[in-house]
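# What the coordinates show
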Amino acid sequence: MSKEEIIKNADKIQGWMTLEELGVLYDLACEVLKKDSLAVEVGSWKGRSAYVLGNVCKNAGSKLICIDTFSGCESQKDLYDETASVGVEKFMSENIIENLKGLPVTYFIGSSVDVHNKIDDGSATFVFIDGDHFNPVVKQDLDNFWPKVKSGGIFSGHDHSETFPDVIKEVNFKFPDIIQREIKYSIWLIRKEK
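What you see is a predicted model, and the numbers here were worked out from it, not measured in a lab.

### What to know about the side chain of His158
By secondary structure assignment, the location of His158 is in the loop between strand 5 (149-157) and helix 10 (165-174). Reaching out from His158, the side chain makes a polar contact with the side chain of Asp159 at a distance of 3.0 Å. Dropping the residues within four chain positions of it, His158 is found in contact with Trp16, Met17, Glu21, Phe128, Ile129, Asp130, His133, Val167, Ser186, Ile187 and Trp188.

Quick look at the structure:
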């Protein structure tokens with residue numbers, strides 16, 4: 001499948017990432033994901049961005065781990081808790097599992113704060129943070145997942161925007177060097193030096 005086809009298909013999945021951001025995500029993942037490498041996404045919900053990452057992984061011969069509670073984060077549970085009436089299993093099977101069928105994906109169900117230790121430090125070539133957008137979790141995700149990125153990999157995330165001031169604050173604090181920190185639309189990224 002071409003980049004355009006992958007993004008067109010991802011656009012059919014409910015989520016907040018724009019088409020331009022999906023294109024940036026695709027390009028970044030293609031840049032570093034090679035055979036037998038690992039991508040990790042924190043905050044996958046129905047799989048809009050995971051669809052892009054999963055297809056890049058499939059094409060590269062690598063794997064994707066999706067981490068989510070699949071029942072909304074605590075800070076916004078009242079807005080996005082679709083699982084309340086159907087349960088996590090049914091929500092996942094009707095959404096992300098269906099949307100990512102045939103892609104090399106493993107699911108870690110739970111809070112990123114609790115399950116980050118299931119991933120070895122230095123094991124991921126690409127880590128994308130798009131979970132809870134409020135502190136203290138934003139800071140914890142940055143602190144917990146930065147060590148997971150191997151040398152030469154990319155650490156990235158979504159919503160570096162005025163809508164989510166905690167994301168801006170914590171990303172800019174952790175990575176104060178403006179030359180090191182890149183922003184493309186609302187996607188932030190840091191390339192981990194070799």
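### Observations concerning the nonpolar core
Of all hydrophobic cores here, the largest spans 35 residues; its most connected members are Leu64, Leu100 and Phe126. Residue assignment for this core shows that the elements contributing at least two residues are helix 1 (3-10), helix 2 (19-32), helix 3 (48-60), strand 2 (63-68), helix 6 (88-94), strand 4 (124-129) and strand 7 (187-191). For this core, the element with the highest residue contribution is helix 2, accounting for seven residues. Membership of the second largest hydrophobic core comes to 22 residues, among which are Ile67, Val115, Phe164 and Ile190.

### Here we look at the environment of Val137
Among the structural elements, Val137 can be located in helix 9 (residues 137-145). Look past the residues within four positions of Val137 in its chain and what remains in contact with it is Ser112, Val113 and Asp132.

The rules behind each value
Residues numbered from 1 in each chain as written. Predicted model: local features only at pLDDT ≥ 70, side-chain atom pairs only at ≥ 80, totals over all residues. Heavy atoms only, no water. Helix = DSSP H or I, 4+ residues; strand = E, 2+ residues; numbered from the N terminus. Polar contact = N/O pair within 3.5 Å; in protein donor to acceptor, adjacent residues only side chain to side chain. Contact = heavy atoms within 4.5 Å. Core = buried A, V, L, I, M, F, W, Y, C linked by side-chain atoms within 4.5 Å. Buried < 20%, exposed > 50% of the residue type's maximum accessible area, 1.4 Å probe, protein only.

From the geometry alone we can't say anything about function, so treat these as descriptive.
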